[in-house]
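Remarks on the overall topology
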Amino acid sequence: MLSIALRTLRTRWTTFTGSFVALALGVALLAVMGLALASAADAPQRAPERFAAAPVVVRGQDTLSVSTPIGVRSKPLPHPRPVPERTLAALRALGPVTEDRSFPVRAEGAPGPLVGHPWSTAAFAPYGLTAGRAPRTADEVVVTGAWAAVGERLRTGHGTVRVVGTAADRGFERAVFYTDARAARLAPVSTQLVVDADPGRVRQAVGGTARVLTGDARRLADADPDRDREAVTALNALFGTAGGVAAFVSVFVVASTFAFSVAQRRREFGLLRLAGATPGQVRRLVGAEALLVGVAASATGCALGAYAAPHLAAWVVREGLAPAWFAIGDHTWPYHLAFWTGLPVALGGVVAASWRAGRTGPAQALREASVDAGTLTRGRLLCGTALLLTAVATLAAALLTDPAELLHRKTYISRPMLLITAVALLSPLLVRPLVRLIAWLPSRLPGAGGMLVRENAAAAVRRTASVAAPVLVTVALTGSLLGATATLNRAQAAEQRQRTAADLVVTAPGGLDPAAVRRLRAVPGAEVSVTAPSAVYVLEEGVALVRSEARAADPAALAATARLPLADGRVTGLDDGSIIVNEEWERHTVGQRVDVWLGDGTRRTLRIAAVMPAGTGDNGVYVTAANAPGAVPDRAEVRVADGADRAAVAAALREAARSSGGRVLTAGAWLRETSPHTDGRTRAGFLLVLGIALLYAGIALAGTLVMATSDRRREFASLRLAGATRAQVLRLVAAESLTVTAVGGVLGVLVAALNLLGMDGALRLLSAPAGTALPWPALGAAAGACAVIAVVSAVVPAGLALRR
């Protein structure tokens with residue numbers, strides 16, 4: 001059988017080209033994703049940046065640790081505690097102490113975000129002056145980089161300052177250095193400091209009141225020290241998702257291609273049976289062919305993966321999906337994983353087809369029929385029905401138990417695959433009705449072309465289903481992924497509009513200073529609600545420490561400027577001894593008392609004053625300022641009083657927030673500015689996933705249509721004998737390809753719509769109805785690309801066949 005398989009591959013190489021290319025590409029993608037995952041497994045150890053030359057750094061408590069029956073659970077705190085005064089006095093007795101302060105600075109003409117520090121901390125990076133001198137008065141600063149010159153005046157949110165010196169840019173921040181006294185006024189609270197003393201004696205003086213950082217641990221005092229770990233987590237999620245999609249689509253395409261190639265060879269298998277071959281021998285022949293193709297394709301795929309992996313790494317760095325340090329390492333296990341996955345995929349994809357080949361009877365050698373029969377076998381019907389019922393059952397279970405699960409990215413990426421497989425298996429039931437529906441109008445036009453297109457596509461069910469399958473995958477994934485994010489963004493935007501009752505909004509990303517808050521509240525004709533971002537922690541089920549985003553607000557002002565969606569209770573019931581929670585909390589009954597930890601780690605027992613529905617997840621927690629120690633106000637929502645001049649109120653608010661660099665926006669402008677949208681990283685990640693699907697669709701379409709067209713020579717000859725010109729035959733082939741692509745597109749849109757209806761049902765149960773959002777431009781682009789590939793892949797071999 002092996003020698004027959006080799007001769008078959010050599011003679012019918014066009015039949016196996018599609019399977020070979022699809023499998024090789026699948027193995028290459030698995031190798032690339034494996035290499036990327038292996039390279040992203042561990043981030044390089046980042047050295048200290050701002051405190052590289054500091055002897056010892058003491059940082060206030062910035063981690064909440066809670067003991068549970070299964071161990072200690074820890075979470076970072078949004079508001080680290082300052083070093084206690086008693087500890088600070090003990091440290092001053094050991095050696096010089098320099099308090100560090102950091103605060104955002106907004107300056108006109110700056111190349112990007114700026115951060116302010118006291119000049120005394122510049123020596124710890126170290127920063128050295130490249131021109132000018134150190135600041136001596138409150139209106140003098142030193143800047144890093146060459147974006148401002150010595151003597152230049154800068155207008156900042158904290159007043160106009162003069163640049164008296166410049167320092168070399170260290171690459172990790174754009175710093176503005178003030179005098180120590182001015183920095184202390186701009187940032188009164190200091191949460192970390194540098195001590196020039198023996199580390200052992202510092203640890204003894206600190207005890208358990210703060211953290212002592214030395215050596216490489218000093219990097220924990222830098223801004224965003226966990227960015228490398230977060231980048232690794234994001235990369236693992238991206239490459240894991242792309243690898244999963246590649247594996248799913250490769251199995252799907254390879255199985256479909258092998259099944260179509262076996263169906264085309266019915267007469268060949270009938271001749272073998274007529275010559276005395278047993279069903280088992282025919283099955284072994286098909287299996288041997290798949291093994292030979294699998295070995296060659298897997299080896300080729302590993303070579304392609306080694307070539308493509310560095311290009312993928314460069315692309316994700318260029319798109320901002322990965323940090324600059326990311327590069328492909330010299331790991332070998334991804335090649336083994338990809339190769340030994342490719343072989344089972346090839347053999348698994350041909351299992352069902354080999355059993356069908358073994359059942360071919362000797363009489364099939366004499367068969368000559370254009371109408372497919374038996375395309376929907378009992379096994380295919382049972383498997384498709386079972387998968388469809390499983391998809392429906394899991395969706396119903398999620399809606400009844402945990403609707404929020406359907407809003408998670410891993411769910412709306414993986415769930416469509418189950419429904420795609422079910423619809424593809426049952427597609428022979430749907431092909432004929434859809435073909436007749438799509439071709440109804442063309443078939444009514446003068447001439448026989450429309451009628452021939454309809455009858456050819458409807459008669460060749462197996463060919464139509466095989467060509468429509470990759471289009472179905474591409475369109476369904478495009479609609480499901482992009483539609484899910486668009487639907488979720490629409491629901492979040494609707495929630496935000498519903499919650500906002502303000503006329504004007506004052507925003508200050510760097511925070512509003514206390515004087516600015518007092519001036520805002522004193523503006524005549526304005527009801528001002530100043531809120532600050534914080535966090536609250538709760539121990540769920542006794543073992544899970546859960547963080548909830550919180551906002552600190554004044555209850556009366558909040559009730560006047562916001563319309564919180566409440567399931568129970570009242571906003572005005574909020575006070576220093578209570579909290580507003582949402583239904584995601586384990587305890588969410590008005591009047592219940594819950595143990596929580598505040599943003600600085602303080603433990604409190606608070607009464608539930610009101611409960612909000614879960615919504616899309618943005619309905620966080622509300623507390624009063626007394627329960628948000630360390631939180632800095634960053635937003636003020638303003639309701640203009642009846643009869644007051646809105647323009648005058650806006651001007652007064654702008655003047656009041658000037659010292660903090662605040663901006664005054666209308667409510668509509670603020671909603672547009674903060675409206676949820678798919679960011680560049682998410683868009684690039686989806687582009688990678690959908691690019692894989694589209695690439696596979698192109699290969700599957702080209703391979704299947706080349707195989708199908710090469711077997712239609714006698715049909716083309718009959719058309720030519722009946723009087724059809726060469727151009728008419730080619731137009732007929734192109735029209736058939738477009739019709740079949742439309743069938744796959746309709747099935748794909750149907751799958752995407754069903755998935756999005758499940759998400760819409762979940763949003764309605766979570767009190768956040770928004771309606772589904774099908775991404776029609778993206779769907780049209782995906783279907784159009786498939787149509788172009790289909791037409792070219794059908795017309796070119798048809799044109800070559802007609803020349804003979």
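Source: prediction; values computed, not measured. (Residues numbered from 1 in each chain as written. Predicted model: local features only at pLDDT ≥ 70, side-chain atom pairs only at ≥ 80, totals over all residues. Heavy atoms only, no water.)

With respect to the side chain of Asp503
One can find Asp503 in the loop between helix H15 (461–499) and strand E14 (504–507). The class of Asp503 is buried, set by a relative accessible area of 17%. Among the polar contacts made by the side chain of Asp503, one reaches the side chain of Arg646 at a distance of 3.5 Å. Excluding residues that lie within four positions of it along the chain, Asp503 makes contacts with Val638, Arg639, Val640, Arg646, Thr666 and Ala667. (Helix = DSSP H or I, 4+ residues; strand = E, 2+ residues; numbered from the N terminus. Buried < 20%, exposed > 50% of the residue type's maximum accessible area, 1.4 Å probe, protein only. Polar contact = N/O pair within 3.5 Å; in protein donor to acceptor, adjacent residues only side chain to side chain. Contact = heavy atoms within 4.5 Å.)

Some thoughts on helix H8 (residues 279–318)
For H8, spanning 40 residues, the distance from its first C-alpha to its last is 55 Å, which sits close to the expected 58 Å at 1.5 Å a residue. Most pronounced at Ala308, the bend in H8 amounts to some 35°, and the proline Pro310 follows within four residues. Of the residues trailing H8, Gly320 is marked for its positive phi of about 80°. (Expected span 1.5 Å × (residues − 1). Bend = angle between axes of the 7 residues up to and from the residue.)

A short note on unusual backbone geometry
Cis geometry is found at the peptide bond from Ala125 to Pro126, where omega equals -5°. Relative to the helices and strands, Pro126 is located in the loop between strand E6 (114–118) and strand E7 (129–132). One non-glycine residue, Glu541, adopts positive backbone phi at about 55°. As for its placement among the helices and strands, Glu541 is situated in the loop between strand E15 (526–540) and strand E16 (544–552). Residue class for Glu541 comes out exposed when judged on its relative accessible area of 66%.

Let's talk about the pairing of strand E11 (residues 175–178)
Covered by surrounding structure in E11 are Ala175 and Phe177 together with Val176 and Tyr178, the residues of both alternating faces. As defined by bridge partners, E6 adjoins E11 across four bridges and the pair is classed as parallel. Paired with His117 across the two strands is Phe177, which belongs to E11. (Pairing = 2+ DSSP bridges.)

Quick look at the packing of H15 against helix H22 (residues 726–765)
When two helices pack together, their arrangement is captured by the angle between the axes and the distance separating the axes. Taken N-terminus to C-terminus, the directions of H15 and H22 make an angle of 35°; their axes are 6 Å apart at the nearest point. Seen along the crossing, H15 lies across H22 with a hand that is right-handed. Tallied by class, residues from the contact of H15 with H22 come to 18 nonpolar, ten polar and two charged. (Axes fitted to C-alpha atoms, helices over the stretch in contact; angles between N-to-C directions. Left-handed = near helix turned anticlockwise from the far one by under 90°. Nonpolar A, V, L, I, M, F, W, Y, C, P; charged D, E, K, R; others polar.)

Points about the nonpolar core
Ranked by size, the top nonpolar core spans 96 residues in total, and within it Phe239, Leu312, Val316, Phe326, Ile420, Leu472 and Leu477 carry the most contacts. Element by element, the count of residues in this core is highest for H15, at 14 residues. Other than its neighbours up to four places away in sequence, Leu477 contacts Val245, Val249, Ile420, Leu482, Leu690 and Ala693. Ranked by size, the runner-up nonpolar core spans 19 residues in total, among them Val528, Ala636, Val649 and Ala657. (Core = buried A, V, L, I, M, F, W, Y, C linked by side-chain atoms within 4.5 Å.)

Points about the sheet that holds strand E12 (residues 192–195)
As summarised here, the arrangement of the four strands in space is E4-E12-E1-E13, forming an open sheet in which the pairing is antiparallel. Two strands bound the open sheet, and with one partner strand each, they are strand E4 (97–100) and strand E13 (210–213). Strand after strand, the sheet turns through a mean of 25° between neighbouring axes, direction not considered. With four bridges connecting them, strand E1 (residues 56–60) and E12 associate as antiparallel partners.

As for the confidence of the model for the protein
On average, the protein scores 83 in pLDDT, and the residues at 70 or more come to 90%. Within the model, the stretch residues 368–373 combines pLDDT values under 50 with 15 contacts to residues more than four positions away or in other chains. (pLDDT = per-residue confidence, 0-100.)

Digging into helix H3 (residues 85–92)
Taken together, the buried positions of H3 are Thr87, Leu88 and Leu91. Summarising the axial view, the buried residues of H3 lie within an arc of 100°, below the 170-degree limit, and thus occupy one face. For H3, the exposed residues lying more than 90 degrees away from the buried face are Glu85 and Arg86. Taken together, the buried residues of H3 touch E1, E4, E12 and helix H5 (199–206). (Arc of directions from axis to C-beta.)

Looking at empty space enclosed by the protein
Applying the stated criterion across every chain, the model contains four cavities of 30 Å³ or more. Of the volumes computed, that of the largest cavity is approximately 120 Å³. The wall of the largest cavity is formed by 13 residues, among which Arg463, Leu705, Arg712, Glu736 and Ser737 lie closest to the centre. Broken down by secondary-structure element, the contributors of at least two residues to the lining of the largest cavity are H15, helix H20 (680–710) and H22. A per-element tally of the lining of the largest cavity places H22 first, with four residues. Residue classes in the lining of the largest cavity are distributed as seven nonpolar, three polar and three charged. (1 Å grid on protein atoms, 1.4 Å probe; cavity = no way out; pocket = protein on both sides within 12 Å on 5 of 7 lines; lining within 4 Å. Points joined across faces, edges and corners; volume = space filled by probe spheres on them.)

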